[in-house]
Protein chains: 2
Amino acid sequence: MINIIGLGPNRENITLSALEALEKSDVIIGYKKYIDSISDLLEDKEIIKKGMGDEIARGDIAISKSIQGKTVALISSGDPGVFGMANVLFQIMAKYKDFDSKKDIKIFPGVSSVNYSASLLGAPLHDFAAISLSDILTPLSEIEKKIEYASRADFIIAIYNPISKTRKKPFRRFKEILMETKDPKTLIGIVDSSENLNKRKNTENLNKKEKNKNANFLSKTEIPSKTSVVTLDNLNEEDINMSTTLIVGNSSTYLQDGYMITPRGYVVKSQIHPLSEEFYTKYLAGESPIGPNETCEYYPCHDMEDGKQQCDFCYCPFYPCGDSSTGGEWIKGKNVWSCKDCKWIHEEATVECVKKSLNNILEEVDDLTIKKKELLKLRKHCISETRRKK
Amino acid sequence: MINIIGLGPNRENITLSALEALEKSDVIIGYKKYIDSISDLLEDKEIIKKGMGDEIARGDIAISKSIQGKTVALISSGDPGVFGMANVLFQIMAKYKDFDSKKDIKIFPGVSSVNYSASLLGAPLHDFAAISLSDILTPLSEIEKKIEYASRADFIIAIYNPISKTRKKPFRRFKEILMETKDPKTLIGIVDSSENLNKRKNTENLNKKEKNKNANFLSKTEIPSKTSVVTLDNLNEEDINMSTTLIVGNSSTYLQDGYMITPRGYVVKSQIHPLSEEFYTKYLAGESPIGPNETCEYYPCHDMEDGKQQCDFCYCPFYPCGDSSTGGEWIKGKNVWSCKDCKWIHEEATVECVKKSLNNILEEVDDLTIKKKELLKLRKHCISETRRKK
């Protein structure tokens, strides 16, 4: 019997069933560092440590031991199905007689690096793509294509195996392709777990007989992974190593209180402000301003880069959007959304995109609340349209 | 204090730290079904159940309770950062005074649905994209673009929220786009966890004082999720529901012993066969056959669809590739790779792609072993080239 076990990113994030499966196994096979990180759990077990790159050997040994009647734990860090040992084992199993893959294999999924890294950075994920930059057996052209397509489709991009001492080129191409396809101010979260992994070696033994085993297991202190958030144009090779995971934000990802956040659409319940109601009555009658309204006593009320503020949407049809990636923000202590620092709705490209579809949605002023979801979809569409690098 | 907790896909796959955080929380806030699934852990805690769609309300309540000094568990199934509660909380936190996001929030990642589903299907993952088909607040055009780009870049594609009683169109477009961009025989794994979730309601209470709590916690039997694997052209709306996760294979994904497997590149150590050595000596001298070698006594030794077998690579420069997606296979009980049922290397498009680069790699016969990694990269490149739908 072979248990393909995901250890997760560190001790405290192992699953109950993975821990149980480890305890029930006779033989533990895996990469040195990962075995060392849980050595206190592995007393009186047969341990087979292998180096990086010996994946096939690990799989062959696991199957032979299983055929001998042993219960084998074949371990990966993170999730064994994500660039882990599961694929390798399934590729070679057919070589063996007396090994029944249907009865003799069980996979224990683990928390993968993208999920762990996201949990340390804040809430950066939405639709996402996970890509390994290892070009040892994958043509660089394939990796480049995945990076480019994921970027153009505005996926959040999680990068595994970004770099090694001898493998720099894929990382350099990764940055170049992003610079060609994204805003240079796109946020990138960097999570470095190398210290963590090293520290995991130095765990003292556990008294397995103790009652509250997990509390004890958890009590092993670990150095938390180092995290930082940079903009794409400031992404430096020096800050990246083999144990780093990168999470590239999409066109809506923003930074708040040091957290990397990608907004998930939601409806903020609200009434229409009387002045907005007045404005949209005029708008629907075709009597609202078009372009910069320089006759307005408040013009320009927003400080635009190009100095030209489009006043077509003097009041925002999407108010309150609750999306801080626009520069808008909640007024602390009040349930009020402030658009003071949002310029987006007053930009030429935005006005053009919104006008294209707004008239199909907005037939009367009440539609501003009744058709809120349609409006928020139009808003999201124009956010991507206007922020996507042409 | 707010613990944003991922429960994982089911009880046995919860992490140690998530379980510990649940125990330490005073207030549990979440979607009804998820709370019911762990009710036996929540005695003497304040429980706040909310319906689907009440995400903002859940976040607001969590923050108010935290400000009152309570320790709150805000729960999501799977991973809270993947279409879960983490993003929602970070979007609204700025509304509140007396809430210090840096001190008052901790996220506990969980095993996400893509990792759990993969573990039940076999080893289908490689570079992958995760996409939600919910178009309630996301324009369908954005979802369509992500599906198309992920498909054209040959990502494995994991689909969350594929369908609901009232939301069918995104799923229909998903199938249409894949049919336009992929081989109709592309494999799709279907994992349905609805039974599992329902069953989880009926868990009896646990005696928390018991010593071996986890064993007891795990002993709760669950109906395993239903899994099946179909080809794209046979994907039926009737087989999909709200609790289904789909995993779409890439151009190399194959089925063996009922498992869905995407090969991860690896080097099979081997010597060159004397006949292959003889062949490549001729090949390098420009004396090997070009196109169908009808004068050969064995021609055609492979049964080609178009009846035309290209003999340019009478012996495969990539032998042994160990990749069953070609039709090749391990001879059981022997460490021998058989190419009997592989037609790929004898197809016109393959020969064309391989020849384009082979001569830059192969300068002498020994390069067949010395430059194995370069050869395997070329092979992988041509696999994608020849299998990618034009």
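Residues numbered from 1 in each chain as written. Chains lettered and ligands numbered in written order. Predicted model: local features only at pLDDT ≥ 70, side-chain atom pairs only at ≥ 80, totals over all residues. Heavy atoms only, no water.

A. Here's a closer look at the packing of helix α7 (residues 140-152) of chain A against helix α7 (residues 140-152) of chain B. Put simply, α7 of chain A and α7 of chain B touch, their axes get as near as 9 Å, and they point 175° apart. Classified by the angle their axes make, α7 of chain A and α7 of chain B are roughly antiparallel. Between α7 of chain A and α7 of chain B, the contacting residues are K145, Y149 and R152 of chain A on the first element and K145, Y149 and R152 of chain B on the second. Each residue belonging to the contact of α7 of chain A with α7 of chain B can be placed in one class, and the counts come to 2 nonpolar, no polar and 4 charged. (Axes fitted to C-alpha atoms, helices over the stretch in contact; angles between N-to-C directions. Helix = DSSP H or I, 4+ residues; strand = E, 2+ residues; numbered from the N terminus. Parallel < 35°, antiparallel > 145°, perpendicular 65-115°, else oblique. Contact = heavy atoms within 4.5 Å. Nonpolar A, V, L, I, M, F, W, Y, C, P; charged D, E, K, R; others polar.)

B. Looking closely at the nonpolar core. Counting 48 residues, the largest nonpolar core has I131 and F174 of chain A together with I131 and F174 of chain B as its most contacted members. Residue contacts for I131 of chain B: discarding those within four places in its chain leaves D127 and F155 of chain A together with F83, I143, K146, I147, A150, I157, A158, I159 and Y160 of chain B. In terms of nonpolar packing, the next biggest core, distinct from the first, is built from 36 residues, I35 and A73 of chain A together with I5 and L7 of chain B among them. (Core = buried A, V, L, I, M, F, W, Y, C linked by side-chain atoms within 4.5 Å. Buried < 20%, exposed > 50% of the residue type's maximum accessible area, 1.4 Å probe, protein only.)

C. Region of the structure containing the pattern of salt bridges. All chains considered together, the criterion is met by 48 salt bridges over all chains. Where K24 of chain B meets E20 of chain B, a salt bridge forms, and the shortest distance between an N and an O atom there is 3.6 Å. Here the residue K24 of chain B and the residue E20 of chain B both occupy positions in helix α1 (residues 16-24), the gap between them amounting to 4 residues, near one helical turn. On the basis of relative accessibility, which here comes to 27%, the residue E20 of chain B falls in the partly exposed class. For D367 of chain B, the salt bridge goes to K371 of chain B, with nearest N and O atoms at 3.6 Å. Residue D367 of chain B shares its accessibility class with K371 of chain B, and that shared class is buried. Among the charged side chains, a salt-bridge network with shared partners connects E46, K65 and K70 of chain A. (Salt bridge = Lys/Arg side-chain N within 4 Å of Asp/Glu carboxyl O.)

D. Just the relation of the copies chain B and chain A, in detail. Once chain B has been moved 0.0 Å along the axis and rotated by 180°, it coincides with chain A to within an RMSD of 0.0 Å. Here the symmetry operator amounts to a two-fold rotation axis. Most of the interface of chain B is mirrored in chain A, where 100% of its interface residues again form contacts. (Least-squares fit on C-alpha atoms with pLDDT ≥ 70 in both.)

E. Main features of the pairing of strand β7 (residues 128-132) of chain A. The buried count for β7 of chain A comes to 5 of 5 residues, which makes it a mostly enclosed element. Where β7 of chain A and strand β8 (residues 156-160) of chain A come together, 5 bridges link them in parallel fashion. Its bridge partner being in β8 of chain A, I131 of chain A is matched across the sheet by I159 of chain A. Two strands pair when backbone bridges link them, and β7 of chain A and strand β7 (residues 128-132) of chain B are joined in this way by 3 bridges, in the antiparallel orientation. The residue bridging F128 of chain A from the neighbouring strand is A130 of chain B, located in β7 of chain B. (Pairing = 2+ DSSP bridges.)

F. Structural context of the packing of aromatic side chains. If you walk through the whole model with that rule in mind, you get 24 aromatic pairs over all chains. Ring geometry for F171 of chain A versus F174 of chain A: centroids 5.9 Å apart, planes at 40°, classification tilted. Taken together, the positions of F171 of chain A and F174 of chain A, both in helix α8 (residues 169-181) and 3 residues apart, correspond to about one turn of that helix. For the pair F171 of chain A and F174 of chain A, one class covers both residues: buried. For the ring pair Y280 of chain B and Y283 of chain B, a centre distance of 5.6 Å and an interplane angle of 55° mean the geometry is tilted. Of this pair, Y280 of chain B and Y283 of chain B both sit in helix α11 (residues 274-284), 3 residues apart, which is roughly one turn of that helix. Y283 of chain B matches Y280 of chain B in its accessibility class, with the two residues each being buried. Each member of the aromatic cluster is reached from another via a ring pair, and the members are F279, Y280, Y283, F313 and Y315 of chain A. In this arrangement the basic side chain of K146 of chain A is found over the ring face of F155 of chain B, its NZ or CZ atom lying 6.0 Å from the centre. The aromatic ring of W344 of chain B is capped on one face by R379 of chain B, whose charged end is 5.8 Å from the ring centroid. (Phe/Tyr/Trp six-rings, centres within 6.5 Å; stacked < 30°, edge-to-face > 60°. Lys NZ or Arg CZ within 6 Å of the ring centre and 35° of its normal.)

Shape is all these values report; function is a separate question.
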